[in-house]
Amino acid sequence: MTDIDALAARLRTDLAADQVVSDRQELRTYECDGLAHYKVIPALVVFPRSAEDCARTVRACVAAGVPFVARGSGTGLSGGALPHAEGVLIVTSQMRRIVQVAPEDERAVVEPGVINLQVTRAASPSGYYYAPDPSSQQICSIGGNVAENSGGAHCLKYGFTTNHVTGAQIVAPDGELVRLGGRAPDAPGYDLLGAFVGSEGTLGIATEVTVRLVRLPETVRTLLAAFPGVDEAGAATSAIIGAGVVPAAVEMMDALAIEAAEAAVHCGYPEGAGAVLIVELDGPAAEVAAQFAQVETFCADNGAFEIRIAADDAERALFWKGRKSAFAAVGRISPDYIVQDGVIPRTALPEVLHRIGEISRGQGVRVANVFHAGDGNLHPLVLFDDGVEGEAGRAEEVSAAILALCIEYGGSITGEHGVGMDKAKYMPRMFTDDDLDTMQLVRCAFDPAGLANPGKIFPTPRLCGEVPGRHRGTHPAQQAGLAEVF
Ligand SMILES: Cc1cc2nc3c(=O)[nH]c(=O)nc-3n(C[C@H](O)[C@H](O)[C@H](O)COP(=O)(O)OP(=O)(O)OC[C@H]3O[C@@H](n4cnc5c(N)ncnc54)[C@H](O)[C@@H]3O)c2cc1C
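Residues numbered from 1 in each chain as written. Predicted model: local features only at pLDDT ≥ 70, side-chain atom pairs only at ≥ 80, totals over all residues. Heavy atoms only, no water.

## Points about the packing of aromatic side chains
Aromatic ring pairs: the centre-centre distance and the angle between the two ring planes describe each pair.
Reasoning step 1: Using the criterion set out here, one finds two aromatic pairs in the structure.
Reasoning step 2: Geometrically, the ring pair formed by Tyr-30 and Phe-47 is edge-to-face, given 6.0 Å between the ring centres and 65° between the ring planes. Residue Tyr-30 is found in the loop between α2 (24-28) and β2 (44-46), and its partner Phe-47 is found in the loop between β2 and α3 (51-64); the two are separated by 17 residues along the sequence. Of the two residues, Tyr-30 and Phe-47, neither departs from the other in class, the shared state being buried. (Phe/Tyr/Trp six-rings, centres within 6.5 Å; stacked < 30°, edge-to-face > 60°. Helix = DSSP H or I, 4+ residues; strand = E, 2+ residues; numbered from the N terminus. Buried < 20%, exposed > 50% of the residue type's maximum accessible area, 1.4 Å probe, protein only.)

Here's what the structure looks like:
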């Protein structure tokens, strides 16, 4: 009997037999997340139904020295939930209970597999909602959101997941159930919850999350402005924010992204637009009315040739439909594409977009731009055809060059999709060896055995016994092309 067979047998006893999958064909279902070109078949898949099931699973893994990877809905775009070939994939899709909605406390307590939008659906009868709204909110899980510190269109005004999670129960990497934070806005001592949010499954598995609920705004008003190009739309964005107006969302799409959205969902954006902005304001009616007028003026003054104001919820939904479907829509105009995610200072938008255009033309690779313009979070979609020799390689080069630009302009290699497997190799471009060693010490404090989602985030999966400092010789991850040393 192999170690994995023995582990499967133990888990079938500790949990129920139907919670453990070892059939090779069934395991294939879980071989990738939303970044589908990385594929690894896990050795086992386990479906915990409770925090205790999850803790038992982790304890069994620890006893067997087997790595484990958490998975929510598998929509991640950086390979964070990519399985380990000799490890256990712990899938939270059977932990979907909304434990409590407490509007009087502005809190909800949910299990990790609960879908993002379900939290809002549960809270809205009481006049509340859950603010972080990734475009995948109809399918992604709260556990995945916590692990990725996910963002969304409305995070410009309301902040990212980290600003909306006040507590969590986690299974630490040694199998112990631990509580971090609570219902109060802040807890004394080190901010371990802050460290956990965004840790991409490397510091343990969230088994229950306490989130902040936000009062539904009195009014929401949305406009769609069409511009000749991204320069004008970028200038309008800077003018709006520079005037002290903080919209709930400012989203931009360029001509190629609009073409894709039209082909896929027929959103009816103005013809001939080189760029569109979707600007949404929410809050007290009087304040929104005053600021909305300012936004219209800034758009018109910066060259908007058409401004549409959503007359009702249906029209507002149509504006958003084009934007929210943009990633998938690109499939209509290109057989393959890379969804990139990087951040730049907002004021650098026009310059960076020009340089992305130059890189794109230089390599003969099309790039569609969709982004959270308000907070400078770019999502360039790099289009290619894997069937054409050399195109995939050129698309990778364009994608890497865009990240290099983000760093050059003082930004980041990821805004909200995480580092995962995909971007681990770029971490040394942003951080020094000392920075990376310090982060590694945090990881080791939670997970000295290195069993929680190994191989993610960090370029060289150093073991906790290793001495921090420059590596001698070539690391196996470098040999495998998974890490670079600069
Ligand atoms: C069409 C589309 C649009 C998207 N739009 C956005 C967007 O606007 N903003 C944004 O931020 N992201 C976006 N994403 C990315 C993705 O949806 C988010 O990263 C989301 O939070 C992932 O949730 P998930 O449940 O699918 O997690 P998974 O993909 O299953 O896992 C993601 C990471 O979380 C870890 N993890 C999962 N559950 C747990 C847990 N319980 N405890 C600890 N770690 C865990 C995994 O190990 C992995 O590292 C989009 C993705 C798609 C496909």
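## Quick notes on the sheet that holds strand β8 (residues 165-171)
Reasoning step 1: Read across the open sheet, the five strands follow the order β5-β6-β10-β8-β9; overall the sheet is antiparallel. Because the sheet does not close on itself, it has two edges, and the strands there are β5 (98-102) and β9 (177-181). Each neighbouring strand pair of the sheet contributes to a mean axis angle of 10°, computed without reference to strand direction.
Reasoning step 2: The pairing of β8 with β9 spans five bridges and is classified as antiparallel. What sits directly across from Val-171, in β9, is Leu-177. (Pairing = 2+ DSSP bridges. Axes fitted to C-alpha atoms, helices over the stretch in contact; angles between N-to-C directions.)

## As for the pattern of salt bridges
Reasoning step 1: Under the criterion given, the structure shown has 14 salt bridges.
Reasoning step 2: A salt bridge links Lys-324 to Asp-133; the nearest nitrogen and oxygen atoms lie 3.6 Å apart. One end of the pair, Lys-324, is in helix α11 (residues 313-324); the other, Asp-133, is in the loop between β7 (128-129) and α5 (142-148), and 191 residues separate them in sequence.
Reasoning step 3: The exposure class assigned to Lys-324 is partly exposed, which follows from its relative accessible area of 27%.
Reasoning step 4: Residue classification places Asp-133 among the buried residues on the basis of a relative accessible area of 5%. (Salt bridge = Lys/Arg side-chain N within 4 Å of Asp/Glu carboxyl O.)

## Details of unusual backbone geometry
Excluding glycine, a negative phi dihedral is what most residues carry, and trans is how most peptide bonds are arranged.
Reasoning step 1: In this structure, Glu-200 is a non-glycine residue whose phi angle is positive, near 55°.
Reasoning step 2: Summarising the element assignment, Glu-200 is placed in the loop between α7 (192-196) and β10 (205-212).
Reasoning step 3: Judged by relative accessible area, Glu-200 falls into the buried class, the value being 8%.
Reasoning step 4: A positive phi angle, near 45°, is found at His-266, a position not held by glycine.
Reasoning step 5: Inspection of the secondary structure assignment puts His-266 in the loop between α9 (255-265) and β14 (275-283).

Honestly, that's just the spatial picture; any functional story needs more than this.
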